[in-house]
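Commentary on secondary and tertiary structure
Listed here are the chains, written in short residue letters.
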Amino acid sequence: MTKILILGGTGVLGSAMANWLHTKQADYRIGSRHPVKAQSYSIVNQTATDTWTYVDLVSGEGLMEAMAGVDTVLHLASGNGKIGRDSFESVLTRNILKAIPKSDVKHLIYCSIVGIDKIPYAYYQAKLDSEALIRNSQVPYTILRATQFYNLIDFFISKLMQFPIGFLPGKLLAQPIHVDAVADKLYQLTLAGNQNTILNLGGPQVLDFQTLARSWMTHRHISKPVLPIPILGSLMNGLIKGYNTCPEMATDSKTWNDYLQDMYGMPSS
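Structure report, in brief. Quantities reported herein were computed from a predicted structural model and do not represent experimental measurements. Throughout, a residue's number is its position along its own chain's written sequence, starting from 1. Totals for whole chains, interfaces and linings use every residue, but because this is a predicted model, local features are given only for residues with pLDDT of at least 70 and side-chain atom pairs only at 80 or more, for both listing and counting. In computing side-chain values, all of the structure's heavy atoms are included and hydrogens and water are not.

Here we look at the packing of helix 8 (residues 209-220) against helix 10 (residues 256-264)
So the rule is basically this: Only the contacting stretch of a helix is used when fitting its axis, a line to C-alpha atoms as for every element, and angles between N-to-C directions run 0 to 180 degrees. Only DSSP runs of H or I with at least four residues qualify as helices, and only runs of E with at least two residues qualify as strands; both kinds are numbered from the N terminus onward. An angle below 35 degrees is read as roughly parallel, one above 145 as roughly antiparallel, one from 65 to 115 as roughly perpendicular, and any other as oblique. Left-handed describes a crossing whose near helix is turned anticlockwise from the far helix through less than a right angle; right-handed describes the clockwise counterpart. Note on contacts: a residue pair is in contact if any heavy atoms of the two residues lie within 4.5 Å. Each residue gets one of three labels, nonpolar for Ala, Val, Leu, Ile, Met, Phe, Trp, Tyr, Cys and Pro, charged for Asp, Glu, Lys and Arg, and polar for the others, Gly among them.
Contact pair helix 8 / helix 10: the axes reach a minimum separation of 10 Å and the direction vectors enclose 25°. Relative to helix 10, the element helix 8 lies roughly parallel. Like other packed secondary-structure pairs, helix 8 and helix 10 cross with a definite hand, here right-handed. On the side of helix 8, the interface is formed by Leu-212, Ser-215, Trp-216, His-219 and Arg-220, while helix 10 contributes Trp-256, Asn-257, Leu-260, Gln-261 and Tyr-264. Split by residue class, the contact of helix 8 with helix 10 holds 5 nonpolar, 4 polar and 1 charged.

Notes on the pairing of strand 7 (residues 107-113)
Inclusion rule: Burial status follows relative accessibility: with a 1.4 Å probe on protein chains alone, a residue under 20% of its type maximum counts as buried, one over 50% as exposed, and anything between as partly exposed. Two strands are said to pair when DSSP picks up at least two bridges between them.
Across the 7 residues of strand 7, 7 count as buried, placing the element largely inside the fold. Side chains His-107, Ile-109, Cys-111 and Ile-113 project from strand 7 onto one buried face, and the interleaved Leu-108, Tyr-110 and Ser-112 project onto a second face that is buried too. Taken together, the 4 bridges between strand 4 (residues 72-75) and strand 7 define a ladder with parallel strand orientation. Of the residues in strand 7, the one forming a bridge with Thr-72 is His-107. Direction of pairing for strand 7 relative to strand 8 (residues 141-146): parallel, over a ladder of 6 bridges.

Quick notes on the layout of surface pockets
In this approach, a probe sized like a water molecule rolls over the atoms, and the result shows the empty space that is left. Applicable threshold: Put plainly, a pocket is an open set of points on a 1 Å grid over the protein atoms alone with protein on both sides within 12 Å along at least five of seven lines, a cavity is a set where a 1.4 Å probe fits but cannot get out, and a lining residue has an atom within 4 Å of a point. Grid points are joined across faces, edges and corners, and a volume is the space filled by probe spheres set on the points.
Estimates place the volume of the largest pocket at around 1200 Å³. For the largest pocket, the lining is made up of 47 residues, of which Ser-78, Ile-113, Tyr-123, Phe-149 and Leu-152 are closest to its centre. Only helix 1 (12-23), strand 2 (27-32), helix 4 (88-99), strand 7, helix 5 (122-135), helix 6 (150-160), strand 10 (173-174) and helix 9 (233-240) provide two or more residues apiece to the lining of the largest pocket. Here the lining of the largest pocket takes 5 residues from helix 6, the largest share from any one element. In terms of residue class, the lining of the largest pocket is built from 28 nonpolar, 16 polar and 3 charged. Taken as a whole, the second largest pocket spans an internal volume of roughly 200 Å³. Only helix 1, helix 6 and helix 7 (179-192) provide two or more residues apiece to the lining of the second largest pocket. In terms of residues, the lining of the second largest pocket owes the most to one element, helix 1, which gives 3 residues. Split into classes, the residues belonging to the lining of the second largest pocket amount to 7 nonpolar, 4 polar and 1 charged.

Let's talk about the packing of aromatic side chains
In this description, an aromatic ring pair is defined by two values, namely the gap between the centres and the angle between the planes. The condition is simple: Centres within 6.5 Å are what make two rings of Phe, Tyr or Trp a pair, Trp counting through its six-membered ring; a difference in plane orientation under 30 degrees is then read as stacked, over 60 as edge-to-face, and the rest as tilted.
Per the stated rule, a full pass over the model turns up 5 aromatic pairs. For the ring pair Tyr-150 and Trp-256, a centre distance of 5.7 Å and an interplane angle of 45° mean the geometry is tilted. Placement of the pair is Tyr-150 in helix 6 and Trp-256 in helix 10, with a sequence separation of 106 residues. The same class applies to Tyr-150 as to Trp-256, namely buried. Where Phe-156 meets Phe-209, the ring centres are 5.5 Å apart and the plane angle is 85°; that geometry is what we call edge-to-face. Placement of the pair is Phe-156 in helix 6 and Phe-209 in helix 8, with a sequence separation of 53 residues. Among the aromatic residues, those joined into a ring-pair cluster are Tyr-150, Trp-256 and Tyr-259.

Below is the structure:
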């Protein structure tokens, strides 16, 4: 049976991944600087806390120990900013790539973001640089680019709607996806083995932000005036053009309204 190491296993995707692997009765280990908090997982027993091992991807401490007996590494750790002259993302990826040839790991899976090669944004460039590091290494890999998670869109809209009057960039497009759908795809990739390619994965619907926000307000039972805000900068223009979407790779998974109902209950009539 394949042994899987989840790096970044205490984040949003990492937690969902651990839950998913648990339901599949997979053999996995969680690597992170921070101990597992049981409330972050739907796992009803001590599996999550028992499988945690300390890994500091910035220094590399604990990485080799965590890879012992591992066949597949899920690189789900991420972060913004820089460490010296390098992006935080590149530092993490380099340390992982240095460790793998000294281990028995046969497959590195990296989770990235749809559209990072078309949308100019510092964090996206860091992800793109990490993809290049992986592709140019001798490590067998698969890169999965996913669209934005529902909880991120939820958070973004809540910030825009926190004042008595809401502010909304309505022309922006998004194809949000449930984090469990990404976890399921990553699990399938662990079974498939390395493909040495980049794959895209998007949610079931491409929606504009006006539609997303209207549904959000309905499920949150919120009624307030909403004003459009101007679209400025190359980042926003990329979102208008839908560079962050991949309708040809849409999943048949929970919709935005399904997510909102799970989170906030039935919408107001």
